[in-house]
Amino acid sequence: MGPRILTASILVACGRFMSCELISHALGRQAGHRVVATATSSKDALEAIRANGVNLALVTPALSDGPVSGLLLLQKIQEAFPGVKTVLLFEKSEEHLIEAAFRAGAKGVLSLSDEGFEILRKCVEKVNAGQVWANSKQPVQVLNALSHRAPLRVLNADGVRLLTKREEDVVRLVEEGLTNRQIARELRLSEHTVRNNLFRIFDKVGVSTRVELALCAVNRSKAARTPD
């Protein structure tokens, strides 16, 4: 008798419905695993996990609710459903998101454009079995180091708040996954002003991308909700 294969009930979350269908079809040929739900937004993804007994989620960085909403979804899944394993599916041009994905709790990262569906099926099998999946360019010791997430730094050494009220509003909307244009509309600012605010925020809190900012902000929110 061969080794027992652990079955995976899979959620596929992509920004476009056709991408969800393509990935679902590719995984449908893998014995022992089945796609039980697809979603194009974070809200639908979380509801699908709750309703369908999902234990593994494949997520792209951008969903229909924002350009980094997939990254934020990874962390929301980790917080709300800690038993669900997650994998980030990214394009080659999005390699800068690998570090953010592991910080957000992903157990695997895979570039479909580079590695294809056969490798995706192997990734699903290994992550479902409890392993971490990454290619040879991302050593395991680096991935382990990324598990320590720092909260957003909002006070300086003297205890003075680093961010203005407007900058706090921008951070909040970045955390919700809004684009610069959407933030500008929400706060009644120009996109140029929003970009300038983001550059100042990056400098003040010690991050270099909106993905890092969003993840640090989510981590701060989580810490604020946790009683001492």
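Since the structure is predicted, the reported quantities are computational estimates derived from the model, not experimental observations.

**Q** How should the overall build of the protein chain be read in this particular structure?
**A** The helix and strand inventory of the protein chain stands at 10 helices and five strands. Counting the 228 residues in the protein chain, one finds 46% classified as buried. Residue pairs in contact within the protein chain that sit at least 24 positions apart in sequence constitute 64% of those at least 6 positions apart. Here the protein chain has roughly 12,100 Å² of accessible surface; of this, 52% comes from carbon and sulfur atoms.

**Q** So what exactly am I meant to see when it comes to helix α9 (residues 191-205) here?
**A** Side chains of residues three or four places apart in an α-helix project in the same direction, reflecting 3.6 residues per turn. A rise of 1.5 Å per residue sets the reference length of α9, with its 15 residues, at 21 Å; its end C-alpha atoms lie 21 Å apart and thus fit the reference within 8%. Within α9, burial applies to V194, N197, L198, I201, F202 and V205. Looking down the long axis of α9, one finds its buried residues gathered within 140° of arc, a one-sided arrangement. Structural note: α9 exposes F199 and D203 on the side pointing more than 90 degrees away from its buried face. Two residues or fewer past α9, G206 is found with a positive phi of approximately 85°.

**Q** I tried to follow the environment of C14 on my own but got confused; where do I start?
**A** The residue C14 is located in the loop between β1 (8-13) and α1 (17-27) in this model. Among the residues examined, C14 registers a relative accessible area of 2% and is labelled buried. The spacing of C14 and A45 is 31 residues in sequence and 9.5 Å in space, taken between C-alpha atoms. Filtering out sequence-adjacent residues up to four positions away, C14 remains in contact with S19, C20, I23, A39, T40, T60, A62 and L63.

**Q** Even after reading the chapter, I still don't get the nonpolar core, so can you show me in this structure?
**A** If you look at soluble globular proteins, the nonpolar side chains tend to sit buried side by side. In terms of nonpolar packing, the biggest core is built from 51 residues, with L11, L71, L73, L74, I77, L88 and L213 touching the most fellow members. If one sorts the elements of this core by residue count, helix α10 (residues 210-225) sits on top with six residues. If you look at the next biggest cluster of nonpolar residues, it comprises 17 residues, including A8, L56, V124 and V127.

**Q** Is there a simple way to think about the pairing of strand β5 (residues 108-111) in this case?
**A** Within a regular strand, the side chains alternate between the two sheet faces. Of the two faces of β5, the one carrying G108 and L110 and the one carrying V109 and S111 are both buried. Relative to β5, strand β4 (residues 85-90) is paired through four bridges, and the arrangement is parallel. Each residue of the ladder has a partner; that of F90, found in β5, is S111. What joins β4 to β5 is helix α4 (residues 97-103), and the crossover it makes is right-handed.

**Q** It is not clear to me how the sheet that holds strand β2 (residues 33-39) should be interpreted in this structure. Could you clarify?
**A** Strands in a sheet are paired, the pairing made by backbone hydrogen bonds, and the direction either parallel or antiparallel. One open sheet accounts for five strands, arranged β2-β1-β3-β4-β5; its pairing is parallel. The sheet is open, and its two borders are formed by β2 and β5, each paired with just one other strand. Sheet twist, expressed as the average angle between the axes of neighbouring strands with direction ignored, equals 25°. Two elements, β1 and strand β3 (residues 56-59), share four bridges in a ladder whose sense is parallel. Paired with V12 across the bridge in β3 is L58. Contacts from α1 reach β1, β2, β3 and β4, with the element oriented near 170° to β2. Of the strands in this sheet, β1 and β2 are in contact with helix α2 (residues 42-52), which crosses β2 at around 140°.

**Q** Please explain the confidence of the model for the protein chain as it appears in this structure.
**A** Low-confidence regions, as indicated by low pLDDT, have predicted coordinates that should not be scrutinised in detail. Across the protein chain, the average pLDDT comes to 81, with 80% of residues at or above 70. Per-element confidence in the protein chain ranges from a low mean pLDDT of 48 for helix α6 (residues 140-145) to a high of 97 for β3.

**Q** What is the right way to look at the pattern of salt bridges in this model?
**A** Once their charged atoms are close, side chains differing in charge can pair, the charge on each being opposite to the other. Counted according to the given criterion, the structure contains six salt bridges. R121 is paired through a salt bridge with E118; the nearest N and O atoms lie 2.7 Å apart. Remark: E118 and R121 occur in helix α5 (residues 112-128); sequence separation between them is three residues, near one turn of the helix. When the shortest N-O distance is used, the salt bridge between E191 and R181 registers 3.3 Å. In this pair, E191 is assigned in helix α9 and R181 in helix α8 (residues 180-187), connecting sequence segments 10 residues apart. Note on E191: relative accessible area 31%, which makes it partly exposed. The network of salt bridges with shared partners includes K165, D169 and R172.

The rules behind these values
Residues numbered from 1 in each chain as written. Predicted model: local features only at pLDDT ≥ 70, side-chain atom pairs only at ≥ 80, totals over all residues. Heavy atoms only, no water. Helix = DSSP H or I, 4+ residues; strand = E, 2+ residues; numbered from the N terminus. Buried < 20%, exposed > 50% of the residue type's maximum accessible area, 1.4 Å probe, protein only. Contact = heavy atoms within 4.5 Å. Areas by Shrake-Rupley, 256 points an atom, 1.4 Å probe, with all protein chains shown as cover. Expected span 1.5 Å × (residues − 1). Arc of directions from axis to C-beta. Core = buried A, V, L, I, M, F, W, Y, C linked by side-chain atoms within 4.5 Å. Pairing = 2+ DSSP bridges. Right-handed = clockwise from strand over helix to strand, strands pointing away. Axes fitted to C-alpha atoms, helices over the stretch in contact; angles between N-to-C directions. pLDDT = per-residue confidence, 0-100. Salt bridge = Lys/Arg side-chain N within 4 Å of Asp/Glu carboxyl O.

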